[in-house]
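Spelled out, the chains give:
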Amino acid sequence: MMKLLFKFILPALLLPVCAMAQSNYKPGYVVTSKGDTLRGTINVKDWSSNPTDINFQDQSGVKNYTVADIKYFSVLNISYQRYAGKISVDETNLQRLSNGVDSSKKEDIVFLKIEQKGPKVVLFSYTDNIKTRFFIGDNQAGSIDELLYRIYFVPDRGTQTHNENGYVPQLYALAQKYNDRLEELKREIEKSAYNLDDLKSISAKINGMGSDKADYGSATAIRFFVGASANVSRYAFSGDSPFNNPPSKTSVSPLFSIGANIYTNPDVDKFVLRGEFSVTTGSYNSRVDIYYNSPNSLQGNYSFKQVIFSFNPQAIYNFYNTKAFKFYGDAGLAINIVKNSGNVMHNNDLNRDSRNYLTLNSNFFSGSVKAGIVLSDKIDIGITYVLSTSVTDNVKGGALPNMGNSNNYSLNLSGIRAGINYIFK
């Protein structure tokens, strides 16, 4: 089984090294510092922080543009606008808060991401390695200002913190300027948190839009799937086994699964979170020598069956990523709930059954790694290796009959699964 694993997964994991620099050019345009609009394609990346430059391609070739070269670019409904001005640098991470107010700022030129826009105001975001900030643009005044939010430790008060919601009066001033339904909007502003959902809703209402259904790109998307696999389970004893040299056994059974893929940035589709529920079975049935710490052993037959229900959160990375073909690696940690049956030792010499012979776990954790491909953005084919984990609880079960205090053994389960998922649009 391990040879099969390495034959499939190792070459698969080596292949993506050549594809790590894969480009993802999508239709878009840039506006240069001189005001010229250039149409072509832009290499879209998984921008966890605001980009500092982009690669733009047209009939003349590929060119790299920075904030010094362009004042705007748009691709896949994602738009960034150049901003030159003050940016706060105080921390909002609770692990790194300042003691007392930190109002420090820096002068910089950056790309702000457009989060909501209308005839009166535009909401922007800017994320770097310090924090995420939000900016508001007043179209009539032609200005852009950071929406201020600070949190810091109160001096001489230990871990007590204080929040300064400077963005509240800023938004209220714009609401007074542009919105007739002031009292209703004022209440929403006062209750708002410094996050995208709240600020986007307020920005849309200042613009007189009620709610904004426009696609600004990079929204989280969820797609559901169903799947079926061939599951090859391997049971193997380790340690001071209750049997004399017990054989390992393999069982083959179907596995059925349902779940959802969460695409944190579907425009790029590099990183995916998956939640998967599955059900499968496994069994052990073998002739064994019953070992009772004596030179002689009795012949018997030990068997059990398991129905295994699993919830398996996974992280997926698409090394090669196009709509027609994807190649990915996957790692997960499953929570398994088990219904055990059988668990009988039949003593052939005495023609007697000993039930619940081993203490089988009713639940256990297991890790997995997977490699696979996705065809046409909906057919997911992969092979999974389930890492070995114990399905027995020897401490809880204590020693077996006539074995003294010896319980230093484990019955381990590992497996390989090959299967297919259908991902719904």
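For the structure itself, look to the data block above.
Criteria and cut-off values
- Residues numbered from 1 in each chain as written.
- Predicted model: local features only at pLDDT ≥ 70, side-chain atom pairs only at ≥ 80, totals over all residues.
- Heavy atoms only, no water.
- 1 Å grid on protein atoms, 1.4 Å probe; cavity = no way out; pocket = protein on both sides within 12 Å on 5 of 7 lines; lining within 4 Å.
- Points joined across faces, edges and corners; volume = space filled by probe spheres on them.
- Helix = DSSP H or I, 4+ residues; strand = E, 2+ residues; numbered from the N terminus.
- Buried < 20%, exposed > 50% of the residue type's maximum accessible area, 1.4 Å probe, protein only.
- Polar contact = N/O pair within 3.5 Å; in protein donor to acceptor, adjacent residues only side chain to side chain.
- Expected span 1.5 Å × (residues − 1).
- Arc of directions from axis to C-beta.
- Contact = heavy atoms within 4.5 Å.
- Axes fitted to C-alpha atoms, helices over the stretch in contact; angles between N-to-C directions.
- Parallel < 35°, antiparallel > 145°, perpendicular 65-115°, else oblique.
- Left-handed = near helix turned anticlockwise from the far one by under 90°.
- Nonpolar A, V, L, I, M, F, W, Y, C, P; charged D, E, K, R; others polar.
- Core = buried A, V, L, I, M, F, W, Y, C linked by side-chain atoms within 4.5 Å.
- Salt bridge = Lys/Arg side-chain N within 4 Å of Asp/Glu carboxyl O.
- Pairing = 2+ DSSP bridges.

Enquirer: Please explain empty space enclosed by the protein as it appears in this structure.
Expert: In this approach the atoms are scanned with a rolling probe the size of a water molecule, which exposes any empty space left behind. Counted according to the given criterion, the structure contains four cavities of 30 Å³ or more. Of the volumes computed, that of the largest cavity is approximately 390 Å³. For the largest cavity, the lining is made up of 33 residues, of which Leu255, Asn312, Thr384, Val386 and Arg417 are closest to its centre. At the level of elements, strand 13 (221-239), strand 14 (249-263), strand 15 (271-291), strand 16 (297-321), strand 17 (325-347), strand 19 (363-375), strand 20 (379-390) and strand 21 (409-423) are the ones that each hand at least two residues to the lining of the largest cavity. The element best represented in the lining of the largest cavity is strand 21, accounting for eight residues. Within this model, the second largest cavity holds a volume of roughly 100 Å³. Lining the second largest cavity are 14 residues, with Asn261, Tyr263, Val272, Lys326 and Val374 sitting closest to its centre. Put simply, the parts of the chain that give the lining of the second largest cavity at least two residues each are strand 14, strand 15, strand 16 and strand 17.

Enquirer: Help me understand the side chain of Ser410 in this model?
Expert: Relative to the helices and strands, Ser410 is located in strand 21. Of the residues examined, Ser410 reaches a relative accessible area of 12% and is grouped as buried. Here Asn412 takes part through its side chain, which lies 2.8 Å from a polar atom of the side chain of Ser410.

Enquirer: Is there a simple way to explain the environment of Ser23 in this structure?
Expert: Of note, Ser23 is situated in the loop between helix 1 (2-14) and strand 1 (25-32). Exposure remark for Ser23: the relative accessible area of 39% places this residue in the partly exposed category.

Enquirer: For this particular structure, what's the right way to read helix 2 (residues 167-178)?
Expert: Side chains of residues three or four places apart in an α-helix project in the same direction, reflecting 3.6 residues per turn. Compared with an ideal rise of 1.5 Å per residue, which puts twelve residues at 16 Å, helix 2 spans 17 Å between its outermost C-alpha atoms and is within 8% of the ideal. Within helix 2, burial applies to Tyr167, Val168, Leu171, Leu174, Ala175 and Tyr178. In a view along the axis of helix 2, the buried residues occupy a sector of 130°, so they form one face of it. For helix 2, the secondary structure elements touched by its buried residues are strand 8 (121-127), strand 9 (132-138), strand 10 (143-147), helix 3 (182-191) and helix 4 (196-206).

Enquirer: Help me understand the packing of helix 2 against helix 4 in this model?
Expert: Helix-helix packing: each pair is described by the crossing angle between the helix axes and the interaxial distance. Relative orientation of the contacting elements helix 2 and helix 4 amounts to 20°, with a least axis distance of 9 Å. Regarding the angle of helix 2 to helix 4, the classification is roughly parallel. Every pair of crossing elements has a handedness; the one defined by helix 2 and helix 4 is left-handed. On helix 4, the residues touching Tyr167, Leu171, Leu174, Ala175 and Tyr178 of helix 2 are Leu199, Ile202 and Ile206. Looking at the contact of helix 2 with helix 4, its residues break down into eight nonpolar, no polar and no charged.

Enquirer: Would you mind showing me how to read the nonpolar core here?
Expert: Nonpolar side chains in soluble globular proteins tend to be buried together. Of all hydrophobic cores here, the largest spans 20 residues; its most connected members are Leu147, Tyr167, Leu171, Leu199 and Ile206. Secondary-structure elements contributing two or more residues to this core are strand 8, strand 9, helix 2, helix 3 and helix 4. Sort the elements by how many residues they give to this core and helix 2 lands first, with six residues. When near neighbours in sequence (up to four residues on either side) are disregarded, Tyr167 contacts Leu147, Leu148, Tyr149, Ser192, Ala193, Tyr194 and Leu199.

Enquirer: I keep staring at the pattern of salt bridges and nothing clicks. Help me out?
Expert: When their charged atoms lie close together, side chains carrying opposite charge are able to pair. As enumerated under the stated definition, the model contains 15 salt bridges in all. Note that Arg96 is salt-bridged to Glu91, the shortest N-O span being 3.3 Å. Its relative accessible area of 42% is what places Arg96 among the partly exposed residues. For Lys205, the salt bridge is made with Glu188, and the minimal N-O distance between the two is 2.6 Å. Note that Lys205 is positioned in helix 4 and Glu188 in helix 3, a separation of 17 residues in sequence. In this structure Lys205 comes out as partly exposed when scored by relative accessible area, which is 26%. When salt bridges with common partners are traced through the structure, they connect Arg223, Asp269, Lys323, Lys326, Asp377 and Lys425 into a single cluster.

Enquirer: Teacher, can you tell me more about the pairing of strand 7 (residues 105-117) here?
Expert: Note on strand geometry: in a regular strand, side chains alternate between the two faces of the sheet. Bridge count for strand 6 (residues 78-88) against strand 7 is nine bridges, and the pairing is antiparallel. Paired with Ser88 across the two strands is Lys105, which belongs to strand 7. Inspection of the sheet shows strand 7 paired to strand 8 by four bridges, in the antiparallel sense. Its bridge partner being in strand 8, Lys113 is matched across the sheet by Ser125. The turn joining strand 7 and strand 8, which pair antiparallel and follow one another in sequence, is formed by three residues.

Enquirer: I'm lost on the sheet that holds strand 8 in this one. Help?
Expert: Within a sheet, each strand pairs with its neighbour through backbone hydrogen bonds, oriented either parallel or antiparallel. Across the sheet, ten strands lie side by side as 4-3-2-1-5-6-7-8-9-10; this open sheet has antiparallel pairing. Pairing within the sheet leaves two strands with one partner each, and these edge strands are strand 4 (61-66) and strand 10. Neighbour to neighbour, the strand axes of the sheet diverge by 40° on average, direction disregarded. Bridge count for strand 1 against strand 5 (residues 70-75) is five bridges, and the pairing is antiparallel. Pairing of Val30 across the sheet is with Phe73, part of strand 5. Contacting strand 7, strand 8, strand 9 and strand 10, helix 4 crosses the sheet at an angle of about 160° to strand 8.

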